[in-house]
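# A look at the structure
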Amino acid sequence: MTLLEQSARIALAALLHDVGKLAERAGIEHHGRLDAHRTLYCPWQQETGNPRHGYHSHVHAAFTALAWDELEATGHFPDLRRDAPPFATAADGHATDSAVNAASAHHRPESFLQWIVATADRVASGFERDEFERQYNRNRERDNHYRARLLTLFEQIGRGRVAEGELDSRYPLQPLAPASIFPQPASACTPRDDASARSEYLALWQALLAGLRLIPRAHLASLPLWLDHFDSLWLTTTHAIPSATAFGVKPEVSLYDHSKATAALATALWRWHRDEDRCDPRTLREGWSDEKFLLVQGDVFGIQDFIFAAGGATQKHAHKLLRGRSFQVSLFAECAALKILDALELPPTSQIINAAGKFLIVAANTPGTHAALARCRQQLDDWCLRHTCAEIGVGLVSTPASCNDFAAGRFGALTRRLFAALDTAKHQRFDLCAENTSCAFDGFLDRFDNTLGVCAINGRHPADREASARRGYSLSRLADDQIRIGEELTRHARLLVARDAGTLPVLGLDYFGYHLAIVPGAEESGSYGELARNGSVLRIWDFDAPEADGTIWRGHARRFLNSYVPRFDAGDLRTPDRYGRWQGEAEAPAIAAVKTLNLIACEDRQQDGGGGWQGEIALMVLKGDIDNLGSLFQQGLERPTFAKMASLSRQVNGFFSLWLPWFCEHGLDGRQVARYRNTYTVFAGGDDFFLIGPWESTLALATELRGKFSAYVGNPAISFSAGLCMAHPKTPVRQLARSAEAALAAAKEHPGKNAATLWQHTVGWADWQSLMGPRRRALEALMERTGNHGAAFSGGLTYTLLQLSDRAGSRHPEDAIWRSQLHYQLARFFRDRVRGDEAARACRERLLLDAIGEIGSALGSHGGAYRLPLSVLLYRQRQ
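Residues numbered from 1 in each chain as written. Predicted model: local features only at pLDDT ≥ 70, side-chain atom pairs only at ≥ 80, totals over all residues. Heavy atoms only, no water.

### Some remarks on the pattern of salt bridges
- Taken as a whole, this structure holds 45 salt bridges when the rule is applied.
- For the salt bridge of Glu 334 with Arg 559, the shortest nitrogen-to-oxygen distance reads 3.2 Å. With Glu 334 in helix α14 (residues 318–344) and Arg 559 in the loop between β12 (557–558) and α21 (570–574), this residue pair connects regions lying 225 residues apart in the sequence. Accessibility classification places Glu 334 together with Arg 559 in one group, the buried group.
- Between Arg 471 and Glu 487 there is a salt bridge, with its nearest N and O atoms 3.2 Å apart. Highlighted residues: Arg 471 in helix α17 (residues 465–471) and Glu 487 in helix α18 (residues 477–488), separated in sequence by 16 residues.
- Three or more residues are tied together by salt bridges with common partners; here these are Lys 320, Glu 466, Arg 470, Arg 471, Asp 480 and Glu 487. (Salt bridge = Lys/Arg side-chain N within 4 Å of Asp/Glu carboxyl O. Helix = DSSP H or I, 4+ residues; strand = E, 2+ residues; numbered from the N terminus. Buried < 20%, exposed > 50% of the residue type's maximum accessible area, 1.4 Å probe, protein only.)

### Overview of the sheet that holds strand β9 (residues 494–498)
- With mixed pairing, four strands are arranged side by side in an open sheet as β10-β9-β11-β12. What marks the edges here is a single partner per strand, and that holds for β10 (515–519) and β12.
- Taken together, the five bridges between β9 and β10 define a ladder with antiparallel strand orientation. Counterpart to Leu 496 in the pairing with β10 is Ala 517.
- The strands that helix α10 (residues 223–238) touches are β11 (537–542) and β12; relative to β11, the one it contacts most, it runs at about 20°.
- The sheet strands contacting α14 are β9, β10 and β11, and the helix crosses β11 at an angle near 145°. (Pairing = 2+ DSSP bridges. Contact = heavy atoms within 4.5 Å. Axes fitted to C-alpha atoms, helices over the stretch in contact; angles between N-to-C directions.)

### Examining the nonpolar core
- Residues Trp 205, Phe 230, Phe 406, Phe 642, Leu 699, Trp 768 and Ile 855 are the most contacted members of the largest nonpolar core, which totals 172 residues.
- By residue number, the principal contributor to this core is helix α25 (residues 642–666), which donates 14 residues.
- Aside from chain neighbours lying at most four places away, what touches Phe 406 is Val 123, Gly 126, Leu 265, Phe 293, Leu 295, Ala 401, Phe 411, Leu 414 and Phe 642. (Core = buried A, V, L, I, M, F, W, Y, C linked by side-chain atoms within 4.5 Å.)

### A short note on the pairing of β11
- Along β11, six of the six residues are buried, which leaves the element largely enclosed by surrounding structure.
- Sheet analysis places β11 next to β12, joined by two bridges and oriented parallel. Residue pairing across strands places Asp 542 opposite Arg 558, the latter belonging to β12.

Fair warning: the whole summary comes from geometry, so function is off the table for now.
So this is what it looks like as structure tokens:
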């Protein structure tokens, strides 16, 4: 049996060590076996002052064994009872040292493997070594632990020591979905009685059993492949279950994040002791100061330059290239992490973080690990130099750590070491001074075919004969893959990662040694079971968007990689004249065909009442990221732990990679219309996002996105800034990216950040919401009233008001007369347009006073920023 298979078994036992918490709270049937399991797995606590009486504490450990049996009974769970090294079996004469015992005995460990899981459990929780017996096994469950709901870590950031009762929000006890990741007021999601609280747990338990049956049984033949699927199911089921509900302990870490951290730590611990040949409980218990762990971080750098690279004919396939490159970057990160796991023979649960091109893997700190990482680093560098000419790269660093370093009082220092190591890697890209780096450039000029020349897409890479023949023009394999990915993503939603291409429809390049194939949905990909049985397929990832109801689990490992792409619906096809000169593009496609950027730019046009359309034809680019995220992670929590760090990273990523694309497709505005379905999420994940959409809808999305993010984090100390730029649909994508980046940089210069920049004006979000909300609506109402009296705002007046807004925001003394100029311009406008009898003059005076009052107040409060709502109305009127 391979070392990888054995490591995966350790990981599974550790991952499910607390499954009993779900089972106990759900009240699963125990068939009279509970008392026996209590005796086996639960600590005995004597009553104070009465040594003859006591009780079994931590009953969830007994339920872990019961739950394990229920999972096995489905027939879709690995059978680890026979021939299951490193666990002993009955044939070995050590039946007690089984996987289920290692998982269940973490509160009463005896054997070495049981101590592996128990130690990892305590390290993941941030315990000091001397807290083992003093606190770990003596905390009793609170009386209402069924009703305890998971606290949000975001709400606690920057607040120091804060009691549970001082926190307002909790997560609803529901499966993972775009809506369920948002916290709610405690009163809204905390059950009033135990019966209703337990019914919510029972629904999750039943969802776990039903979800288990969706994993193809053929994949049980490859435990790492199956475990990757199960990890996603475990996330879906347990992301909102509080891991700890004992007296005096805040329920602030989810069962998923705690158990995932435990699995990673347990695997690394076992590997270290195995390699050091020190597999005894005493050495394990006493070696807390030994640096047994190696935290491996990877960072894909050059992402944005790569996605928006210009040159050659990039505009020819702009929308396909954007989709393809964005997804390709995600593949670089996923495949680089898989390469590390593969080289170290670690299961997928050893990868704790993977978001926005960054990943963190927990390995054993052994000479073999260091040697394997050195080989991987060289291979990753060579691949990136050879195939991308250093446009993209993968930084790889490692940081040793001991059990003591994970203690809550010391983990902050370890976090700072991790950030410092990654920052160093960013400044040592490719290590070009190394002796063997030149091999990646050997024969570089020989790769060019004189008849094909350079790639027509990027203008630099050598064209490949096969790719060029397929497309009919000079093309590199990298660019060909980008176009193919852009095409396939609109049709399929599963990705197979294989060692050998075989008959699979793989992409042209191998990705760090792996062959990738984008294939149809779950039903069709079930035919790849034989490839799973013979070990050819290493991973199968489902990257499809959540359903309209939020469902994300479909039986395969989830990766939130795919961007949302606008598509035609029946309503679009009924109004092709909306698209002006690009009407021809809108008449040919069928329903669900992908919209081009040209068509997206037309989507905010409205009928003008005369059979025509009005409104600017333009794109709006929205780029943003969270302010000061690094310091929030390093200094935000009063008692940080490994599981909390993993939880924060996962939750930050979840807002942008899970919720945002789903919201663009399915989110409804106040009129119950999916207003943002024409927004293209070029990338969204980690702590940043880049969106392209119709100009006015994207402005509304920016406002709503800020409000949703505030509700998601529930903490005014956590914010994001955004840069927006408006452009013609034919603008090169690289120019769009540069303009948006410049706008974002300007927003970051705002005092305290937490701002947005549009049309060279930067405002805080509070001002933005006022300008784009009440101020804009008041201006619209004023324009409607004046229009009803024959005095519709002219373009000339709007331009005059734009000039006055600049003067109102100016510090030059000569511009201080803007109020009198405003009065003069408005009076002249209404005098020329509202004429007639006494009633008409009275109406004119009311309009004039209201206009001066509203516009004057807005200019006085916002100065030059008032040009934002003025410009919106101006562009809306364009013919």
